[in-house]
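A look at the structure
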Amino acid sequence: MSIPTEPIGSIPRPAPLIEAVSTRDHMDPVLEAFYDEAVKDTIERFEATGSPVITDGEQRKVHNFWTYCVHGLPNMAPDGFKIPFSAGHVRRMPRLLQGPFRYRVRASRYLEVARRYARAPIKQAVISPSALSLLYPADGLPGYSRDQFIDDLLTEHETEVRGCLEMGAHKVQIDFTEGRLAIKIDPTGALLTSFIDLNNLALSRFSAAERARLGVHTCPGGDRDSTHSADVDYAELLPSLFHLKVGSFYVALAGERDPVRVLKIIREHLRPDCRVFVGVVSPIDPRVETPEEVRDRVLQAAAYIPVDQLGTTDDCGFSPFCDDTSTTRDTAFAKIRARVLGTRLAAKMLGVDDG
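First, a word on what this report is: a plain description of the structure on this page. (Residues numbered from 1 in each chain as written. Predicted model: local features only at pLDDT ≥ 70, side-chain atom pairs only at ≥ 80, totals over all residues. Heavy atoms only, no water.)

**Some details on the pairing of strand 7 (residues 171-175)**
Of all five residues in strand 7, five are buried; the element is thus mostly enclosed. Burial along strand 7 is two-sided: the face carrying Lys171, Gln173 and Asp175 and the face carrying Val172 and Ile174 are both buried. When strand 6 (residues 123-127) meets strand 7, the two strands line up parallel, connected through five bridges. In the sheet register, alanine 125 faces strand 7, and the bridge partner there is glutamine 173. Relative to strand 8 (residues 214-218), strand 7 runs parallel, the two being bridged by four bridges. Among the inter-strand pairings, isoleucine 174 is bridged to a residue of strand 8, identified as valine 216. (Buried < 20%, exposed > 50% of the residue type's maximum accessible area, 1.4 Å probe, protein only. Helix = DSSP H or I, 4+ residues; strand = E, 2+ residues; numbered from the N terminus. Pairing = 2+ DSSP bridges.)

Below, the structure is given as structure tokens:
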């Protein structure tokens, strides 16, 4: 028995790369050396924290974690879905102009590069079908129905996930930050239900053994030390979240005002065939947690979640959008190190392994 600890995803990029990305296309060969160095440095620093599972820090996901797969496509316009954050700024997603819908790049490309440098198992994050479904305009597209779009979207998602699994990803994490946001947009819950149903359509394409290596991440967003939906009650999301057909759930918890209440909801709805990784460090809090704080958060979670179904993680990525410099790389890795050390301390007190 063990308490595994796994990362969520994005790490702030080295400053020269941030400047280059903001002005040049990510496929420009001139930038390949910058990306390569960023991935190599991130993996080296990640492994130095002692984290048993790592990521590439999403160094090659241009602009953000959400639209990396369609960035630069000619059939996209920049005036799509708006995401308002509590700091007062708004992120805007692209809008599909015409079909067919295709990915420009798949996450397996990032995994292929990361494997050149990594010794530890690598988890690969991908965006959910429900997030990308927001690219389709509400008033439809002539000659390209929403049903056709959904068919293409599910095929592209399946191809991306299968590519990562076949390449040896330790886990494939499906980012579902729009889950909590859906309740804010539509308090009736109908939008959330449609998101869950769509994602389960995609997940049904995988075998039970494959789904055991898939996970879903939920959070209230994280950008420039702010959120998009922290004011939404987790009780409106979590019962539906655990209907998703995956083996792991990554739930932001460190930033919650009442974590015990959230843990009670998790205990009530957690299936016996899956594991929940609770967030024990908050990327949008500039203060670095101590290992002892992390230990106490793990022990608190263990009072409500069976230890053999418990894991630890970060609440969210440290820089999901490429121009978010509110958190330094040093701070990000210090927080990850605290997560690892604190999980070990808790595991020792609980008489189990960490890993």
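**Remarks on the packing of helix 11 (residues 291-302) against helix 12 (residues 329-350)**
Contact geometry for helix 11 and helix 12: axes closest at 7 Å, N-to-C directions at 50°. Overall, the two elements helix 11 and helix 12 adopt an arrangement that is oblique. For the element pair helix 11 and helix 12, the recorded crossing hand is right-handed. Taking contact as the criterion, the partners of Pro291, Glu292, Val294, Arg295, Val298, Leu299 and Ala302 in helix 11 are, on helix 12, Ala338, Arg339, Leu341, Gly342, Thr343, Leu345, Ala346, Met349 and Leu350. Of the residues assigned to the contact of helix 11 with helix 12, the class counts are eleven nonpolar, two polar and three charged. (Axes fitted to C-alpha atoms, helices over the stretch in contact; angles between N-to-C directions. Parallel < 35°, antiparallel > 145°, perpendicular 65-115°, else oblique. Left-handed = near helix turned anticlockwise from the far one by under 90°. Contact = heavy atoms within 4.5 Å. Nonpolar A, V, L, I, M, F, W, Y, C, P; charged D, E, K, R; others polar.)

**Remarks on the sheet that holds strand 8**
If you walk across this open sheet you meet the six strands as 6-7-8-9-10-11, and the pairing is parallel. Two strands lie at the open edges of the sheet, namely strand 6 and strand 11 (310-314), each paired on one side alone. When the angles between neighbouring strand axes are averaged without regard to direction, this sheet yields 30°. Relative to strand 10 (residues 275-281), strand 9 (residues 248-251) is paired through four bridges, and the arrangement is parallel. Counterpart to phenylalanine 249 in the pairing with strand 10 is valine 276. Across the face of the sheet, helix 5 (residues 146-166) comes into contact with strand 6, strand 7 and strand 8 while running at roughly 175° to strand 6.

**What to know about the side chain of glutamine 173**
Mapped onto the elements, glutamine 173 comes out in strand 7. At 2.7 Å, the side chain of glutamine 173 and the side chain of aspartate 175 are in polar contact. Filtering out sequence-adjacent residues up to four positions away, glutamine 173 remains in contact with Pro7, Ile8, Lys123, Gln124, Ala125, Val126, Gly215, His217 and Tyr250. (Polar contact = N/O pair within 3.5 Å; in protein donor to acceptor, adjacent residues only side chain to side chain.)

**What to know about the pairing of strand 10**
Burial runs high along strand 10: six of the seven residues are buried. In this fold, strand 9 hands off to helix 10 (residues 259-269), which returns the chain to strand 10; that crossover is right-handed. (Right-handed = clockwise from strand over helix to strand, strands pointing away.)

**Here's the deal with the state of the cysteines**
Evaluation of the coordinates by the stated rule reveals zero disulfides. Cysteine cysteine 316 is unpaired, with the sulfur of cysteine 219 as its nearest cysteine sulfur at 3.6 Å. A relative accessible area of 10% places cysteine 316 in the buried class. With no disulfide of its own, cysteine 322 lies closest to cysteine 316 among cysteine sulfurs, the gap being 15 Å. (Disulfide = S-S within 2.5 Å.)

**Overview of empty space enclosed by the protein**
By the definition in use, this model includes two cavities of 30 Å³ or more. Phe65, His217, Cys316, Gly317 and Pro320 are the residues nearest the centre of the largest cavity, which is lined by 21 residues in total. Counted by class, the lining of the largest cavity contains ten nonpolar, nine polar and two charged residues. Taken as a whole, the second largest cavity spans an internal volume of roughly 100 Å³. Around the second largest cavity, the lining is made up of 14 residues, and of these Arg13, Glu58, Lys61, Ser319 and Pro320 lie nearest the centre. (1 Å grid on protein atoms, 1.4 Å probe; cavity = no way out; pocket = protein on both sides within 12 Å on 5 of 7 lines; lining within 4 Å. Points joined across faces, edges and corners; volume = space filled by probe spheres on them.)

**Topic: the nonpolar core**
One recurring pattern in soluble globular proteins: nonpolar side chains tend to sit buried together. Core analysis: the largest hydrophobic core is formed by 99 residues, its most contacted members being Phe101 and Phe249. By residue number, the principal contributor to this core is helix 5, which donates seven residues. Discounting residues that sit within four places of it in the chain, phenylalanine 101 has contacts with Val70, Met76, Leu96, Leu132, Leu135, Tyr144, Phe149, Asp152, Leu153 and Glu156. (Core = buried A, V, L, I, M, F, W, Y, C linked by side-chain atoms within 4.5 Å.)

**Focus on the layout of surface pockets**
The calculated volume of the largest pocket comes to roughly 440 Å³. Taken together, 24 residues make up the lining of the largest pocket; nearest its centre are Arg180, Ala230, Gly255, Glu256 and Arg257. Among the residues making up the lining of the largest pocket, the classes are represented as twelve nonpolar, four polar and eight charged. Mapped by element, the contributors of at least two residues to the lining of the second largest pocket are strand 2 (76-77) and strand 4 (90-92). Tallied by class, residues from the lining of the second largest pocket come to nine nonpolar, five polar and three charged.

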